[in-house]
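# Secondary and tertiary structure notes
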Amino acid sequence: MTIAENLTLSPADTRQGFYDRLSEQSLAPLWEVMKGLVPPEPKPSMRAHVWRWDTVRPLALEAGVLLTAEEAERRVVVLENPAFPGQSRATDTLYSGVQLVLPGEVAPAHRHTQSALRFMLEGQGGYTAVGGERVTMGFGDFVITPSWAFHDHGNDGDDPVLWLDVLDVPIVGFFEAGFSERHNAERQPIGRPEGDAQARFGSGLLPIGATSPYGLTSPSFSYPYARSHAALQAMAAGAPLDPHHGATLKYANPLDGGWAMPTIAAWMTHLPSGFSTAPIRSTDGLIVAVAEGHGRLRIGDQTLTFGPKDVLAVPNWTWRSFEADEDCFLFVCSDRVVQEKIGLWREETR
Ligand code: 1HN
């Protein structure tokens, strides 16, 4: 007896009729969608983009006229990838925005399971408090807000403070696993002097038996620009540069040498004036904040020029190279750390 003899296919039944009956039972035919589920290679959906500082800065400052940091909770203009309007995504997997804190303001204490990083762009006297310790943030500093750590921001200076935020919001959203809450005080209580984490974890020394108070996140939650800049400059002066990466150093967790954050990989690249990187593509889409220098990004068949404090979105799996017209220092971050953990991350070079 054949299988067909056991079935009641009416002669009038078409494939579509069958699909309709499947659909009524919350079922579907794989063969109609399979190619899209397992594409032969990534087909980027995010777009290359430059948010120019000349455009973003005045608009962020305008937000400062319209509402206070307290009112907004976080006063941020979101960098929306043009491929994803309304979705609060700069890349497929990362949220980014430019945050403004005016002199005397406080962005009230809260915490969430989403991890955040700050890359400081402008102004002095801005600070954030993380897990009971305050850190003053200067230009080019990379500062981490670990998952579920209370954090509040302020500005003790005389000028507006602006920085780039990057959060793993889309990643946590994918899992629908997010939690958040407000602290009962506007500012969290400070339990340690400023510089404590730097002293314990940021000097190439470690407390005996050290563990991170922030779980999977680096206990050294602040990486000052002066150190990254000096290290990269010395590195570039002392040895031939990597053709694809120039001089590049990752922000590392001192406890294990891995990435500083569990969901966002961050590094800094120095390209000396006149240097061009050889083409490379990787499965992670990038957010690049220009700390210093003018240059060009060649991405696919596009060329995007950039200057200081511009922020670029660089699509995944698209050939890219950078050309430096001046000494460039580029802050870069991506979901690479997540892709590595699940065995997905790939890079190709030419
Ligand atoms: C957040 O908590 C901050 O703490 C910035 O500065 C941006 C974007 C989405 C959700 C939470 C901050 C944010 C955010």
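A brief look at the structure comes next.

What counts, and where the lines are drawn
- One numbering rule holds for all chains: residues counted from 1, following each sequence as written.
- With pLDDT at 70 or above as the cut-off, local features in this predicted model cover only qualifying residues; side-chain atom pairs require 80 or more to be listed or tallied, and sums for whole chains, interfaces and linings still use all residues.
- As a rule here, side-chain values come from all non-hydrogen atoms in the structure, and water together with hydrogens is ignored.
- As used here, the term nonpolar core means buried Ala, Val, Leu, Ile, Met, Phe, Trp, Tyr and Cys residues forming a set that is joined through side-chain atoms within 4.5 Å.
- For every residue, the accessible area (1.4 Å probe, protein chains only) is compared with the maximum for its type, and the residue is labelled buried under 20%, exposed over 50%, or partly exposed between those bounds.
- Every helix listed is a DSSP run of H or I at least four residues long, and every strand listed is a run of E at least two residues long, numbered separately from the N terminus.
- The contact definition used throughout considers only heavy atoms, calling two residues in contact when any of these lie within 4.5 Å.
- Under this definition, polar contacts are N or O atom pairs within 3.5 Å; protein pairs additionally need one hydrogen-donor-capable and one acceptor-capable atom, and for neighbouring residues in sequence, both atoms have to be side-chain atoms.
- Any two strands are treated as partners once DSSP identifies two or more bridges connecting them.

## Overview of the nonpolar core
Ranked by internal contacts, the top residues of the largest apolar core, which has 51 residues, are Leu117, Phe119, Phe142, Leu164, Tyr251 and Phe331. Per-element tally for this core: the top contributor is strand S10 (residues 161–167), with five residues. Ranked by size, the runner-up nonpolar core spans 22 residues in total, among them Ala265, Phe275, Val314 and Ala324.

## Comments concerning the environment of Pro262
Here Pro262 is to be found in the loop between strand S13 (247–250) and strand S14 (265–271). When the C-alpha atoms of Pro262 and Asp159 are compared, they prove to be 33 Å apart, with 103 residues separating the residues in sequence. Here Pro262 is in contact with Leu216, Thr217, Val337, Val338 and Lys341, once residues within four sequence places are set aside.

## Considerations on the side chain of Asn81
Residue position: Asn81 is located in the loop between strand S2 (76–78) and strand S3 (95–101). Within the structure, Asn81 has its side chain in polar contact with the backbone oxygen of Arg47 (distance 2.9 Å). Here Asn81 is in contact with Met46, Arg47, Trp51, Arg89, Ala90 and Ala313, once residues within four sequence places are set aside.

## Some details on the sheet that holds strand S5 (residues 116–122)
Across the sheet, which stays open at both edges, the six strands sit in the order S2-S3-S10-S5-S8-S12 with antiparallel pairing between neighbours. Looking at strand neighbours, the two that pair on one side only are S2 and strand S12 (222–223), the edges of this open sheet. As defined by bridge partners, S5 adjoins S10 across six bridges and the pair is classed as antiparallel. The residue bridging Ala116 from the neighbouring strand is Leu167, located in S10.

These figures capture arrangement, not role.
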